[in-house]
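Structure assessment
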Amino acid sequence: RFIVREGGISQITNSPYSQAILTIINHSSLIKKVSNLFGKEVEILRMQLNIMTTGDFISEHADKESDDSYLCAILIRTNSKYTGGDLTIYDAEQKSYKMRQPNQSILLMNSHCIHKVDPITSGFRHTICLFLG
């Protein structure tokens with residue numbers, strides 16, 4: 001099941017894509033590599049599809065705030081064309097790093113990491129986020 005966030009509203013849905021994504025992730029070595037990083041077995045606790053269009057943004061937060069069992073998030077960037085919508089990540093000293101994740105890429109982020117997504121100024125930004133714990 002997916003949690004789909006569209007227009008700032010989150011909704012649980014039985015997406016036909018959820019099984020396909022689980023199949024791909026489970027047949028890759030990604031979860032095993034993340035487990036090795038944390039020194040213990042991890043599993044997908046939640047999948048979320050973020051559909052962002054003009055004016056949408058995600059405010060500053062750490063994923064750990066919404067569920068203490070989260071260890072990390074895997075952000076999968078699908079093919080999207082947009083302007084704005086840069087990801088800002090803050091380090092332990094609150095120094096910010098702005099980045100644009102390339103299409104068809106994967107980003108692994110610790111759940112304690114504070115981050116945000118700037119407003120989309122045009123187009124659409126789709127990402128699949130897997131929360132692991």
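Every value quoted in this text rests on a predicted model; they were computed, and no experiment measured them.

The subject of this paragraph is the overall build of the protein. Each helix and strand counted, the protein has two helices and 11 strands in total. Written out in order from the N terminus, the α and β elements of the protein read β-β-α-α-β-β-β-β-β-β-β-β-β. Computed over C-alpha atoms, the radius of gyration of the protein comes to 14 Å, within 12% of the 14 Å expected from 2.2 N^0.38 for 133 residues, which places it in the range of a compact globule. For the protein, the spread of C-alpha atoms along the three principal axes comes to 40 × 40 × 25 Å. A total of 133 residues make up the protein; the buried ones form 42% of that total. When the accessible surface of the protein is summed, it comes to about 7700 Å², and 54% of that surface belongs to carbon and sulfur atoms. In the protein, the 14 positive side-chain charges and the 13 negative ones have mean positions that sit 7 Å from each other.

The subject of this paragraph is the side chain of aspartate 118. Among the secondary structure elements, aspartate 118 is positioned in the loop between strand E10 (114-117) and strand E11 (120-132). Of the polar contacts made by the side chain of aspartate 118, one reaches the side chain of lysine 98; its length is 2.6 Å. Not counting chain neighbours up to four residues away, the residues in contact with aspartate 118 comprise Asp56, Phe57, Gly85, Asp86, Thr88 and Lys98.

Okay, the nonpolar core next. Within the largest apolar cluster, 16 residues are counted, with the highest numbers of intra-cluster contacts made by Ile25, Val34, Ile74, Leu130 and Leu132. Of all the secondary-structure elements, those providing two or more residues to this core are helix H1 (16-27), helix H2 (30-38), strand E3 (44-53), strand E5 (72-77) and E11. In terms of nonpolar packing, the next biggest core, distinct from the first, is built from 15 residues, Ile58, Leu75, Leu87 and Val117 among them.

Further remarks concern unusual backbone geometry. With a phi angle near 70°, glutamine 94 is a residue other than glycine that sits in the positive phi range. Relative to the helices and strands, glutamine 94 resides in the loop between strand E7 (87-90) and strand E8 (96-99). A positive phi angle, near 55°, is found at glutamine 104, a position not held by glycine.

The next point concerns the packing of aromatic side chains. Counting across every chain of the model gives one aromatic pair. Look at tyrosine 70 and phenylalanine 131: their rings are 4.9 Å apart centre to centre, the planes differ by 20°, and that puts the pair in the stacked class. Remark: phenylalanine 131 occurs in strand E11 and tyrosine 70 occurs in the loop between strand E4 (58-62) and E5; sequence separation between them is 61 residues. One residue, arginine 46, lies across the ring of phenylalanine 131, its end atom 4.1 Å from the ring centre.

Ordered by their spatial adjacency, four strands build an open sheet running E4-E10-E7-E8, and the pairing between neighbours is antiparallel. Every interior strand has two partners, whereas the edge strands, E4 and E8, have only one. Between one strand and the next, the sheet's axes are offset by a mean angle of 15°, whatever the strand orientation. By the bridge criterion, four bridges tie E7 to E8 in an arrangement that is antiparallel. Bridging from a neighbouring strand, leucine 87 pairs with methionine 99 of E8.

In this model, the protein carries an average pLDDT of 87, and 91% of its residues clear a pLDDT of 70 or more. Of all the helices and strands in the protein, strand E1 (residues 2-6) carries the lowest mean pLDDT, 67, while E10 carries the highest, 97.

Scoring rules and cut-offs
Going along each chain's sequence as written, the residues are numbered from 1 onward. Note on the predicted model: pLDDT of at least 70 is required for a residue's local features to be given, and 80 or more for side-chain atom pairs to be given and counted; whole-chain, interface and lining totals, by contrast, use all residues. With hydrogens and water set aside, each side-chain value is computed from the structure's full complement of heavy atoms. A run of H or I in DSSP counts as a helix once it spans at least four residues, and a run of E counts as a strand once it spans at least two, with each numbered from the N terminus. Each radius of gyration is computed over the set of C-alpha atoms, and the globule rule expresses the reference value as 2.2 Å times the number of residues to the power 0.38. Only protein chains enter the accessibility calculation, which uses a 1.4 Å probe. A residue is then buried if its area is under 20% of the maximum for its type, exposed if over 50%, and partly exposed in between. In this description, accessible areas are obtained by the Shrake-Rupley approach with a 1.4 Å probe, and a residue is regarded as covered only by the protein chains that are shown. As used throughout, the charge tally considers Lys and Arg to be positive and Asp and Glu to be negative, leaving His and the chain termini uncounted. Charged groups are reduced to one reference atom each: NZ for lysine, CZ for arginine, CG for aspartic acid, CD for glutamic acid. N or O atoms closer than or at 3.5 Å make up a polar contact, with two conditions inside protein: a donor-capable atom paired with an acceptor-capable one, and, for residues adjacent in sequence, both atoms drawn from side chains. By the convention used here, residues are in contact when the closest approach between their heavy atoms is within 4.5 Å. Nonpolar cores are built from buried Ala, Val, Leu, Ile, Met, Phe, Trp, Tyr and Cys residues. Side-chain atoms within 4.5 Å join them into one set. Ring pairs shown here join Phe, Tyr and Trp side chains whose ring centres sit within 6.5 Å, with only the six-membered ring taken for Trp; geometry is labelled stacked below 30 degrees between planes, edge-to-face above 60, and tilted in between. Two limits define a charge over a ring: the Lys NZ or Arg CZ must be within 6 Å of the ring centre, and within 35 degrees of the ring normal. We treat two strands as partners when DSSP finds at least two bridges between them. The axes used here are C-alpha line fits, helices contributing only the stretch in contact, and every angle between their N-to-C directions lies in the interval 0 to 180 degrees. Known as pLDDT, the predictor's per-residue confidence is scaled from 0 to 100.

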